[in-house]
Amino acid sequence: MGVFACGICTGLMMPALTAAMQAVVKRSMHGRVSSVMNAGTSIGVIVAVPTVLFLAGAWRLAYLSFAVLAGIGVIAAWLFLPSVSRITPGNAAPPPPISELPWSRLVRLSLFAFLMGFISSAYWIFAPDLVVTLGGLPPGATGWLWLSVGIAGLGGAVVADLADRNNPPITQALMLMMLAASLALLAASPGQSWLAAFSALVFGLAYMSLTGLYLMTGIRLLPGRLSVGPVLPFMAVSLGQASGSPVVGGLVDAFGYADAFAMFAALGILVAILSPFYPGHIAQAEEDEEDSGLQAAYDHQLQNEEGEPLEPVVDEAENADDAEKPAVNP
């Protein structure tokens, strides 16, 4: 139950964070703030490394300390997150009806995100047990494993942004192959600390790149629905992780760590082969390099009646106020 709650909480918290971002952050900053939120997993993993290194023998104290941090997060959310769900300018065109949404693309995006979460659950939950039980490494070595995951994951936002400028299906295929390679490498050489750390680097980069790619695609596919686009893929990934964990556990009991990880690596390769069915995003009529990337995806969320991105009126008003201010001579 604890693992299930841990796996699904990421998707459940995204609606509140996304709505808060829309309410208190300028639209010109939405892409940057969303990238930071997406990279929160990597930052959290890096912060947790000292706990693994210095509290390996006191895991109850470690879990209690993180529960206290979660409680502080609840208080901070209560104090700082606004109570409004979203703010939409009055001159923005209404979102398309539910019946006109690209449901086939949304279903494919959700399936790919679910399968990625399902495959990655093997690494998130059982990688430390594999290197300690099968590889014979000391428990403290898992701290360096997670440090590698966190550091490599910070580069995931850059890869996702580049994917939007090139070919999202190809990028997804490459990242899924990297995800499968990290599982296979760890299962093949769990006793080699350097190879285990390298597999963690590959996994961190692939996982965060894929979550960033799914985030961007969800935003692209649902213009005008600011709180749904980022949430849909995150919920699918979280459900995949929550449902994949017991499956991995059953396979570990039945076949052992190495075979279980090999099976999930093979599943990752199979999903990568199916990447031509990945929806990508609905391209604009004449999209150039400036219209790609996470911030451009947010810019196209609010559109006017002609289907053009809505200019940030608030920013223009602020500039006008600044222009009316008299110049001050030094």
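Since we're looking at a predicted model, the values are computed, not measured. (Residues numbered from 1 in each chain as written. Predicted model: local features only at pLDDT ≥ 70, side-chain atom pairs only at ≥ 80, totals over all residues. Heavy atoms only, no water.)

1. Considerations on the overall build of the chain
And step 1. Scanning the chain from terminus to terminus reveals 13 helices and 0 strands.
And step 2. Each helix and strand of the chain, placed in order from N terminus to C terminus, yields the pattern α-α-α-α-α-α-α-α-α-α-α-α-α.
And step 3. Classification of the 330 residues of the chain by burial places 43% in the buried group.
And step 4. Residue pairs at least 24 apart in sequence account for 84% of intrachain contacts in the chain once pairs closer than 6 positions are excluded.
And step 5. A total accessible area of about 16,700 Å² is found for the chain, and carbon and sulfur atoms account for 69% of it. (Helix = DSSP H or I, 4+ residues; strand = E, 2+ residues; numbered from the N terminus. Buried < 20%, exposed > 50% of the residue type's maximum accessible area, 1.4 Å probe, protein only. Contact = heavy atoms within 4.5 Å. Areas by Shrake-Rupley, 256 points an atom, 1.4 Å probe, with all protein chains shown as cover.)

2. Notes on the nonpolar core
Soluble globular proteins tend to bury their nonpolar side chains together.
And step 1. Grouped together as the largest cluster of nonpolar side chains are 52 residues, with contacts concentrated most on Tyr 123, Leu 179 and Tyr 214.
And step 2. Of all the elements in the fold, those that place two or more residues in this core are α3 (40-54), α5 (103-134), α6 (141-153), α8 (168-188), α9 (193-221), α10 (231-255) and α11 (257-273).
And step 3. No other element matches the 14 residues that α5 contributes to this core. (Core = buried A, V, L, I, M, F, W, Y, C linked by side-chain atoms within 4.5 Å.)

3. A word on the environment of Ala 197
And step 1. You can see Ala 197 is positioned in helix α9.
And step 2. On a C-alpha basis, the gap between Ala 197 and Val 149 in space is 8.2 Å, while along the polypeptide they are 48 residues apart.
And step 3. Discounting chain neighbours no more than four positions away, the residues touching Ala 197 are Leu 145 and Ser 148.

4. A closer look at the packing of α3 against α6
And step 1. Relative to each other, α3 and α6 sit at 165°, their axes nearing to 8 Å. One way to sum up the angle between α3 and α6 is to call them roughly antiparallel. With respect to the hand of their crossing, α3 and α6 are arranged in left-handed fashion. In contact with Ser 42, Val 45, Ile 46, Val 49, Val 52 and Leu 53 of α3, α6 contributes Thr 142, Gly 143, Trp 144, Trp 146, Leu 147, Val 149, Gly 150, Ile 151 and Gly 153. (Axes fitted to C-alpha atoms, helices over the stretch in contact; angles between N-to-C directions. Parallel < 35°, antiparallel > 145°, perpendicular 65-115°, else oblique. Left-handed = near helix turned anticlockwise from the far one by under 90°.)

5. Some remarks on the packing of aromatic side chains
And step 1. The tally for this structure, following the rule as stated, stands at 9 aromatic pairs.
And step 2. Of the aromatic side chains, those joined through ring pairs into one cluster are Tyr 123, Trp 124, Trp 146, Phe 203 and Tyr 207. (Phe/Tyr/Trp six-rings, centres within 6.5 Å; stacked < 30°, edge-to-face > 60°.)

6. With respect to the confidence of the model for the chain
And step 1. Confidence in the prediction of the chain, expressed as mean pLDDT, is 78, and 76% of residues score 70 or more.
And step 2. Note that residues 283-289 has pLDDT below 50 and, in this model, 6 contacts with residues that lie over four places away or in other chains.
And step 3. Here residues 314-330 scores under 50 on pLDDT; set against residues more than four positions off or in separate chains, the count is 4 contacts. (pLDDT = per-residue confidence, 0-100.)

7. Description of the side chain of Ser 275
And step 1. Examined against the element boundaries, Ser 275 turns out to sit in the loop between α11 and α12 (294-299).
And step 2. Of the residues examined, Ser 275 reaches a relative accessible area of 1% and is grouped as buried.
And step 3. There is a polar contact of 2.9 Å between the side chain of Ser 275 and the backbone oxygen of Ala 272.
And step 4. Ignoring anything within four residues of it in the chain, the contact list for Ser 275 reads Phe 112, Pro 169, Gln 172, Ala 173 and Leu 176. (Polar contact = N/O pair within 3.5 Å; in protein donor to acceptor, adjacent residues only side chain to side chain.)

8. Quick look at the environment of Pro 50
And step 1. Along the polypeptide, Pro 50 turns up in helix α3.
And step 2. As a C-alpha pair, Pro 50 and Gly 143 span 93 residues in sequence and 7.2 Å in three-dimensional space.

9. Structural notes on α5
And step 1. Across its 32 residues, α5 extends 44 Å between first and last C-alpha, which sits within 8% of the 46 Å expected from 1.5 Å per residue.
And step 2. Where α5 bends most, at Phe 126, the angle is about 60°, and the proline Pro 128 comes one to four residues later.
And step 3. Downstream of α5 by a residue or two, Gly 136 has a phi angle that is positive, lying close to 75°. (Expected span 1.5 Å × (residues − 1). Bend = angle between axes of the 7 residues up to and from the residue.)

10. Details of the environment of Tyr 278
And step 1. Structurally, Tyr 278 can be placed in the loop between α11 and α12.
And step 2. Since its relative accessible area comes to 3%, Tyr 278 is described here as buried.
And step 3. Each C-alpha atom, one on Tyr 278 and one on Pro 168, is 7.7 Å from the other, the two residues being 110 residues apart in sequence.
And step 4. Residues in contact with Tyr 278, not counting those within four places in the same chain, are Arg 108, Leu 109, Phe 112, Pro 168, Pro 169, Gln 172, Leu 213, Tyr 214 and Thr 217.

11. A word on the packing of α10 against α11
And step 1. Contact geometry of α10 with α11 gives a least axis separation of 7 Å together with a crossing angle of 135°. Looking at the two axes, α10 sits oblique to α11. The crossing of α10 and α11 is right-handed. Across the interface between the two elements, Gly 244, Val 247, Val 248, Leu 251, Val 252 and Phe 255 of α10 pack against Tyr 257, Asp 259, Ala 260, Met 263 and Phe 264 of α11.

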